[in-house]
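Remarks on the overall topology
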Amino acid sequence: MKRWKSLRIKINITGIVQGVGFRPFIYRMAVKNGLKGYVRNRGDAGVEILIEGTKNDIENFLKDLREKKSPLAQIHDIITTKLEGKNEYEKFTIYKSSSETELPGSVIPPDIAICNDCLRELRDPKDPRYEYFFITCTDCGPRFTIIEKLPYDRENTTMQDFPMCDFCRTEYTDPLNRRFHAQTVACPRCGPKVYLTTQKGELIKHEDPIREVGKLLSEGFVIAIKGYGGFHVATSTTKDAPLIRLRKVKHRSEKPFAIMARSLEAVKTFAEVSGKEAELLASYIRPIILLNKSEGYYLSDLIAPALHNVGVMLPYTGLHYMLFDKVDEPAFVMTSANPPNQPIVKDNEEALKTLGATVDYFLFHNRQIAHRCDDSVIRMHDKDLVFIRRSRGYAPAPIMLKEKAKRCVAGLGGELNNTACILLGNKAFISQHIGDVENIETRDFLEDATKHLINLTNSKVETVACDLHPKFTTTNLAHDLANENGWQLVQVQHHYAHVAALMVEHDVKEIVGICCDGYGYGIDGEAWGGEILLCTRESSGFERVAHLEKQPLIGGDLATRYPLRTTAGILYKKVNVEDWLLQNKEHFPHGESEIQIVLHQLEKGHNIIGTTSCGRVLDAVAAVLGICFERTYEGEPAMKLESTAIKGKDILKLKPTIKSNTLDTTQMLLEIFEKRKKYSKADLAYSAHAYLAQGLAKLAIEKAKENNVKTIGFSGGAACNEILTLTMQKTIEAAGLQFLIHKAVPPGDGGLSFGQAVVGGFFQL
Ligand SMILES: [Zn+2]
Ligand SMILES: [Zn+2]
């Protein structure tokens, strides 16, 4: 005889609740509380629960649900509905998933690094998954990169090619097992296999291919290794020869390579690691962190040439750990395998075709990658985390906002370091890193990633937002998508998008934004990049209230590649430019004849573009100091300048010269030019940073006071620069104003899609 009246409740849960062991968790809570019914995944990435039991038991269950959720789950909404009718269930069961898609805004989790339990089993000779490279459980393993469609069931992932053996199935169906309903469960008998091939793809029979690859790497061979979200190209970190070779074949003469260290202890032998950095390195996200090289840095200088820091991550799969087993190497180079201007390589055939000439061997596995995903890159400014690239471990988990957007918007980002963003209610879903969208491959990748994100989140997009630049590939794609789907199109000025991102991230209604980077198309069609914007949520949006002095780029884009041209433009008629250029003629690809053309153009004012870019000023300083004469990767001269400045001091103590809302940069460059032999490069490089940061801060403070605004923010790619950021912060806070930087999205163009989307979703259009 029942003492209590029995109730029936249906519960819908949205958030990150699939692929995180949520149903097993619900199962255990229901059984513990003596409830009957079912739990199942839904096609909208949410979870549906039906429970029958007494009021008291149900209340206890709901309490458990709120308080004890599995660590990787993220609950957004719990919607309960009381049902009529009699009880019909004999027990509590995990049901087959339904394909219903009703509620928007849930999503599947990012890929998760190997957990400690799996790592222990990997090393336990008695465990059935001893030394199995693809050991995973409900708490770890790939998620985002294996899902083809929802709900998150094995048959909807690239694990569908590997039917479970009896042993794995027993674990999968045992409610008390850690692998109960783990979709990636696999073992050496039934799961993916790893194999070694030559550069041509010919199989090399080896009983222990992973550790063989570790040995080959330590001997200096270059090997492509298939991971969760794509291929890495790996080699030794202690020898120069393979790095010289790799740089040559990859046409990457200077761009830093990321490395994977065997352990945190190993990292500490060559880099400085703060407590916070150590924690993040070892977290389940396992990002690449830019760490300062230590005094005794002993790895090859060819890994991150002329930079004070090096990008380091820790192993995040069983395979990665095993690479280090038979060698003493502290770390291996582990750089994303992507041909120039192409997305990271993810398919075996594609790898053979595009990497065969670069590498000596391949370490393949036979599980397909559904969606590519590059590693994330982070830097710490003192105690603040700065995203250089937000990708694996973060995408597609949403950024939670304080307010709900007025409409659902897809932001397509800019041309470089692209990402896409879906803004839905109070959630912003940012895609994995897409790359530089300059050709059909990356355009297709962006389009696929955007559509996949829309499907995953069950979003009904109404508006598509893109850059103002009329010729960007991303602008064209936005036009196409708007026409195809009947979406409203919104074009957002580059720097406005950056500052808007900052406003919504911190929920401020008005701000004076300092936005500095290399290039953004201005509303006047000119090249902007050192801007002070007054932005408000309510009125027309933004006003450009001040900027850096406009400087000439001789030969347009060529000046971006060869900073000597910018320097010549700025110092023309102030110093004997001809003499100085001739002293540096080896840095012009066509030597003296090119210099004569540059001088002719200067004289006639031909083929010159004006820009207020902060990046180009930093480039010019780098060239004057002989730090960098050719930009072989984005941001190179400015990054090397910062690395030089890091040990310097403000020797020149230049006072900011401001005339009609413009910060002078000519006089500053001239001072540095004239004193280049008197002081050290480090001190002069630091002085340039101090001048720009203090000058921009001074301008922003003036504008904030004029307009009675209490907050100043710093955004744009230059906000990755620690000296600029911290100097600005000091100046602005000393003036009694609040200083904001990005916490959730990259200050560079990886955060642009989010900025565009929030303008479309929150601001008056
Ligand atoms: Zn695990
Ligand atoms: Zn198995």
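None of these values were measured; they are calculated from a predicted model.

Side note on the overall build of the protein
- A tally of regular secondary structure across the protein gives 23 helices and 31 strands.
- Taking 765 residues into account, the globule formula puts the C-alpha radius of gyration at 27 Å, and the protein, at 28 Å, falls close to it.
- Projected onto its principal axes, the C-alpha positions of the protein cover 100 × 65 × 45 Å.
- Counting every position in the protein, which comprises 765 residues, the buried fraction comes to 64%.
- Pairs at least 24 residues apart make up 72% of the contacts formed inside the protein by residues separated by at least 6 positions.
- Counting only carbon and sulfur atoms, one obtains 49% of the accessible surface of the protein, whose full area is about 29,700 Å².
- Here the protein contributes 97 positive and 95 negative side-chain charges, whose respective centroids are spaced 4 Å apart.

Here we look at the sheet that holds strand 4 (residues 74-82)
- Within the open sheet, the 5 strands sit side by side as 4-1-3-2-5. Their pairing is mixed. Every interior strand has two partners, whereas the edge strands, strand 4 and strand 5 (92-94), have only one. Shown here is a sheet whose adjacent strand axes are inclined to one another by a mean of 20°, direction ignored.
- Examined bridge by bridge, strand 1 (residues 6-16) and strand 4 share 8 bridges and lie antiparallel to one another. If you follow Lys10 over to strand 4, its bridge partner there is Thr81.
- Contacts from helix 1 (residues 22-32) reach strand 1, strand 2 (36-41), strand 3 (47-54), strand 4 and strand 5, with the element oriented near 175° to strand 5.
- Against the sheet, helix 2 (residues 55-67) contacts strand 1, strand 3 and strand 4, and its axis sits at roughly 145° relative to strand 3.

Points about helix 17 (residues 591-604)
- If you check helix 17, its first and last C-alpha atoms are 21 Å apart, about what 14 residues at 1.5 Å a residue would give, namely 20 Å.
- Among all positions in helix 17, only Gly591, Glu594, Ile595, Val598, Leu599, Gln601 and Leu602 are buried. Along the axis of helix 17, the buried positions cluster into a sector of 160°, meaning they face one direction only.
- Looking at the packing, one finds that the buried side of helix 17 touches strand 26 (551-554), helix 15 (563-571), helix 16 (577-583) and strand 27 (608-611).
- Immediately beyond the C-terminal end of helix 17, within one or two residues, lies Gly605, with a positive phi of roughly 70°.

Quick notes on the environment of Tyr521
- Within the fold, Tyr521 resides in strand 23 (residues 510-521).
- Here the alpha-carbon distance between Tyr521 and Leu477, two residues 44 residues apart in the chain, equals 17 Å.
- Once residues within four sequence positions are removed from consideration, Tyr521 is found in contact with Asp467, Leu468, His469, Pro470, Gln493, His494 and Glu526.

Focus: the coordination of the zinc ion (ligand 1)
- Taken together, Cys115 (SG), Cys118 (SG), Cys137 (SG) and Cys140 (SG) make up the full set of protein donors to the zinc ion (ligand 1), lying 2.2 to 2.3 Å away.
- Here the zinc ion (ligand 1) is ringed by 4 donor atoms whose angles at the metal span 101 to 119°, and the overall shape comes out tetrahedral.
- In the primary structure, the donors to the zinc ion (ligand 1) are separated according to the pattern C-x2-C-x18-C-x2-C. Neither Cys115 nor Cys118 differs from the other in exposure class; each is buried.

Digging into the packing of helix 1 against helix 2
- At a minimum axis distance of 9 Å, the contact between helix 1 and helix 2 shows a crossing angle of 145°. Our pair here, helix 1 against helix 2, has a crossing hand that is right-handed. Along the contact surface, helix 1 presents Phe22, Phe25, Ile26, Met29, Ala30 and Lys32, while helix 2 presents Phe61, Asp64 and Leu65.
- Residue classes in the contact of helix 1 with helix 2 are distributed as 7 nonpolar, no polar and 2 charged.

Comments concerning the coordination of the zinc ion (ligand 2)
- With distances of 2.2 to 2.4 Å, the protein atoms coordinating the zinc ion (ligand 2) are Cys165 (SG), Cys168 (SG), Cys187 (SG) and Cys190 (SG).
- Here the zinc ion (ligand 2) binds 4 donor atoms, and the angle range of 101 to 117° at the metal identifies the geometry as tetrahedral.
- Each donor residue of the zinc ion (ligand 2) belongs to the same chain, and together they define the spacing C-x2-C-x18-C-x2-C. You can see Cys168 sitting in helix 4 (residues 166-172) and its partner Cys187 sitting in the loop between helix 4 and strand 6 (194-198), a full 19 residues away along the chain.
- Cys187 sits in the buried class, given a relative accessible area of 0%.

Focus: the nonpolar core
- Of all hydrophobic cores here, the largest spans 102 residues; its most connected members are Phe22, Ile26, Ile49, Ile51, Phe61, Ile225 and Leu323.
- If sequence neighbours within four positions are ignored, Ile26 has contacts with Val39, Ile49, Phe61, Leu65 and Phe92.
- The next biggest cluster of nonpolar side chains, apart from the first, holds 69 residues, and it includes Val575, Val577, Ala620 and Ala704.

Points about the packing of aromatic side chains
- Per the counting criterion, the structure on display carries 21 aromatic pairs.
- Each ring, one from Tyr132 and one from Phe133, has its centre 5.4 Å from the other, and the planes form 70°; the classification is edge-to-face.
- Between Phe387 and Tyr394, the aromatic rings sit 4.9 Å apart at their centres with planes inclined by 90°, giving edge-to-face as the arrangement. The pair Phe387 / Tyr394 is uniform in exposure class, with both members buried.
- One aromatic cluster in this structure is built from Tyr132, Phe133, Phe134, Tyr228 and Tyr316.
- Lying across the ring of Phe257, Arg247 places its NZ or CZ 4.1 Å from the centre.
- The ring of Trp528 carries the charged tip of Arg544 above its face, separated from the ring centre by 4.0 Å.

Basis of the calculations
Residues numbered from 1 in each chain as written. Chains lettered and ligands numbered in written order. Predicted model: local features only at pLDDT ≥ 70, side-chain atom pairs only at ≥ 80, totals over all residues. Heavy atoms only, no water. Helix = DSSP H or I, 4+ residues; strand = E, 2+ residues; numbered from the N terminus. Rg over C-alpha atoms; globule rule 2.2 N^0.38 Å. Buried < 20%, exposed > 50% of the residue type's maximum accessible area, 1.4 Å probe, protein only. Contact = heavy atoms within 4.5 Å. Areas by Shrake-Rupley, 256 points an atom, 1.4 Å probe, with all protein chains shown as cover. Lys, Arg positive; Asp, Glu negative; His and termini not counted. Charge placed at Lys NZ, Arg CZ, Asp CG, Glu CD. Pairing = 2+ DSSP bridges. Axes fitted to C-alpha atoms, helices over the stretch in contact; angles between N-to-C directions. Expected span 1.5 Å × (residues − 1). Arc of directions from axis to C-beta. Donors = N, O, S within 2.8 Å, 3.2 Å for Na, K, Ca; no water. Tetrahedral: all angles 85-135°; square planar, octahedral: opposite > 155°, others 65-115°. Left-handed = near helix turned anticlockwise from the far one by under 90°. Nonpolar A, V, L, I, M, F, W, Y, C, P; charged D, E, K, R; others polar. Core = buried A, V, L, I, M, F, W, Y, C linked by side-chain atoms within 4.5 Å. Phe/Tyr/Trp six-rings, centres within 6.5 Å; stacked < 30°, edge-to-face > 60°. Lys NZ or Arg CZ within 6 Å of the ring centre and 35° of its normal.

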